[in-house]
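The primary structure of each chain is shown beneath.
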Amino acid sequence: MGLRVILVEPEGEINIGFVARVMKNFGFKELVLVNPKVSIEDALPYASHGDDILRSAIICGSVDEAIKGYSLVVATSSKVSVGEDLLRIPVTIKDFARKVAELKDENVAILFGRESVGLTREEIGKSHILVTIPASKDYPSLNLSHAVAIVLYEIFNAKAKSSQLGVIEQPKPKEMEVLLRNIERAVKALKMPAYRERKTEIVLKRVIGRAFISRHEAYVLSGFFRKVHLLLSGNKK
Ligand code: SAH
């Protein structure tokens with residue numbers, strides 16, 4: 001599957017073109033546009049030698065469609081929290097890139113938001129991990145194509161440097177789905193108030209995302225949460 005760059009409702013043709021160009025610079029091929037607000041034709045002049053990437057870009061009608069089949073879904077944002085806002089606890093791009101370099105046959109989808117308002121909370125909630133580019137606290141919000149450039153550069157660089165290249169086998173998308181479903185069932189079986197259920201699910205999903213678990217770890221965790229669910233719901237199997 002590789003690594004795919006997803007632009008959610010991009011608004012400017014210059015940005016779209018520049019994103020295709022920088023993908024070419026760092027050797028990434030798969031670009032997905034979710035409901036782009038401008039035409040690919042208009043963006044082509046800005047793509048330069050990345051025009052092939054732009055021409056073969058996949059156009060999707062929803063984020064769900066764009067991330068389907070990916071084991072690790074990544075949201076990017078300048079708005080982060082170190083405390084209360086569980087959805088916005090970030091990993092820095094450098095740490096993230098180092099982990100991506102360790103993945104064998106990476107299966108990673110990275111979401112970038114709209115120039116005007118970024119990604120919605122609902123969209124961020126679909127991700128396993130939130131990545132941020134540290135920047136001045138006076139104005140941490142980068143231009144979309146600049147943010148993509150930094151993210152791809154760091155991954156490119158980490159891959160060139162890592163001595164641990166390609167050692168971690170990621171869970172398959174289906175296995176990740178089953179793990180998250182087993183977590184959801186176990187949490188539900190504990191019969192907490194709804195808001196705590198949601199919080200607990202987000203925390204578990206994010207902790208698992210940040211840990212870059214292996215396929216085998218996903219299998220063991222999935223079995224554990226399944227057992228919890230079965231025991232709590234009175235089924236001893
Ligand atoms: N006013 C919007 C700006 C979005 S910038 C906002 O504050 O949300 C467009 C996109 O670029 C963002 O959605 C994000 O995907 C990416 N981006 C911009 N600055 C970033 C940063 N510091 N770290 C990570 N991603 C960033």
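Structural data are supplied above this passage.
Because the structure is predicted, anything quoted here is derived from the model rather than measured.

Colleague: Residue-level account of the overall build of the protein chain, with values.
Modeller: For the protein chain, the count of helices and strands is 10 helices and 9 strands. Here the C-alpha atoms of the protein chain give a radius of gyration of 19 Å, agreeing with the 18 Å that 2.2 N^0.38 yields for 237 residues. Expressed as lengths along the three principal axes of its C-alpha atoms, the size of the protein chain is roughly 65 × 35 × 35 Å. Every one of the 237 residues in the protein chain was classed for burial, and the buried ones make up 45%.

Colleague: Would you mind going over the sheet that holds strand S1 (residues 2-8) in detail, with residue names and values included?
Modeller: Reading across from one edge, S3-S2-S1-S7-S4-S8-S5 is the order of the 7 strands in this open sheet, with parallel pairing throughout. This sheet does not close on itself; its edge strands, each paired only once, are strand S3 (58-60) and strand S5 (90-92). For this sheet, the mean angle separating the axes of adjacent strands, direction not counted, is 30°. Judged from the 4 bridges that link them, strand S4 (residues 72-76) and strand S7 (residues 107-112) form a sheet pairing that is parallel. Looking at S7, one finds that Val73 is bridged to Ala109. Across the face of the sheet, helix H1 (residues 13-25) comes into contact with S1 and strand S2 (30-34) while running at roughly 160° to S2.

Colleague: Could you give an account of the site of the ligand, naming the residues involved and the relevant values?
Modeller: Around the ligand there are 20 residues in total, and Thr76, Gly113, Ile133, Pro140 and Leu142 lie nearest to it. In this structure, Gly113 approaches the ligand through a main-chain N or O atom, which is 3.0 Å from an oxygen atom. Pro140 is positioned with one of its backbone polar atoms (N or O) 2.9 Å from a nitrogen atom of the ligand. Computed on the free molecule, the ligand has an accessible area of 550 Å², of which 90% lies beneath the protein chains in the complex.

Colleague: Can you lay out the packing of aromatic side chains for me, pointing to particular residues and giving the numbers?
Modeller: Tallying each qualifying case throughout the model produces 5 aromatic pairs. Where Phe26 meets Phe156, the ring centres are 5.4 Å apart and the plane angle is 50°; that geometry is what we call tilted. Note that Phe26 is positioned in the loop between H1 and S2 and Phe156 in helix H7 (residues 144-161), a separation of 130 residues in sequence. By relative accessible area, Phe156 is classed as partly exposed at 41%. Summarising the aromatic geometry, the rings of Phe224 and Phe225 are spaced 5.2 Å apart at their centres and angled 80° between planes, so their arrangement reads as edge-to-face. Of the aromatic side chains, those joined through ring pairs into one cluster are Phe26, Tyr153 and Phe156.

Colleague: Hey, could you go over the nonpolar core for me, with residue numbers and the actual values?
Modeller: Taken as a class, soluble globular proteins show a tendency for nonpolar side chains to be buried jointly. Counting 43 residues, the largest nonpolar core has Val5, Leu7, Leu31 and Phe96 as its most contacted members. With sequence-adjacent residues up to four places away left out, Leu31 is seen in contact with Val5, Leu7, Val19, Ala20, Met23, Ile53, Leu54, Ala57 and Ile58. Core analysis: the second largest hydrophobic core is formed by 18 residues, Ala66, Ile67, Ala75 and Leu119 among them.

Colleague: Tell me about H1, and name the residues and values.
Modeller: Between the first and last C-alpha of H1 there are 19 Å, a value that for 13 residues agrees with the 18 Å anticipated at 1.5 Å per step. Considering only its buried residues, H1 is in contact with S1, S2, helix H2 (40-47), helix H3 (51-55) and H7. Positive backbone phi, approximately 80°, marks Gly27, located one or two places after H1.

Colleague: Give me the pairing of S1: which residues, what numbers.
Modeller: A regular strand places its side chains so that they alternate between the two faces of the sheet. The element S1 is largely enclosed, with a buried count of 6 among its 7 residues. Here S1 pairs with S7 via 6 bridges, running parallel. For Ile6, the partnering residue across the bridge sits in S7 and is Leu111. Bridge count for S1 against S2 is 5 bridges, and the pairing is parallel. The residue of S2 that forms the bridge with Val5 is Leu31. A crossover connection joins S1 to the parallel S2 through H1; in handedness this β-α-β unit is right-handed.

The rules we used
- Residue indices begin from 1 for each chain and proceed along its sequence in written order.
- Under the rules for a predicted model, residues below a pLDDT of 70 receive no local features and side-chain atom pairs below 80 are neither given nor counted, while totals for whole chains, interfaces and linings still include all residues.
- Calculation of side-chain values draws on the structure's entire complement of heavy atoms; hydrogens and water are dropped beforehand.
- The numbering of helices and of strands both runs from the N terminus, where a helix is a DSSP run of H or I of at least 4 residues and a strand a run of E of at least 2.
- Atoms considered for the radius of gyration are the C-alpha atoms alone. The globule rule reads 2.2 Å times the number of residues to the power 0.38.
- A simple rule labels every residue: compare its accessible area, found with a 1.4 Å probe on the protein chains alone, to the largest value its type can have, and call it buried under 20%, exposed over 50%, or partly exposed in between.
- In this scheme, strands are said to pair when DSSP sees at least two bridges between them.
- Lines fitted to C-alpha atoms define the axes, with helix axes restricted to the stretch in contact, and inter-axis angles between N-to-C directions lie between 0 and 180 degrees.
- The contact definition used throughout considers only heavy atoms, calling two residues in contact when any of these lie within 4.5 Å.
- Consider each residue's heavy atoms; a residue with any of them within 4 Å of a molecule or strand counts as near.
- A 3.5 Å cut-off defines polar contacts: any pair of N or O atoms within that distance qualifies, except that in protein one atom must be a possible hydrogen donor and the other a possible acceptor, and neighbouring residues in sequence count only when both atoms are side-chain atoms.
- In these tables, accessible area is a Shrake-Rupley quantity obtained with a 1.4 Å probe, and a residue counts as shielded only by the protein chains included in the view.
- For this analysis, a ring pair means two rings from Phe, Tyr or Trp (six-membered ring only for Trp) whose centres lie within 6.5 Å, classed as stacked if their planes differ by under 30 degrees, edge-to-face if by over 60, and tilted for the remaining angles.
- Nonpolar cores are built from buried Ala, Val, Leu, Ile, Met, Phe, Trp, Tyr and Cys residues. Side-chain atoms within 4.5 Å join them into one set.
- A helix is expected to reach a length of 1.5 Å times the quantity of its residues less one.
- The handedness rule is simple: strands pointing away from the viewer, and a clockwise path from the first strand over the helix to the second, make the crossover right-handed.

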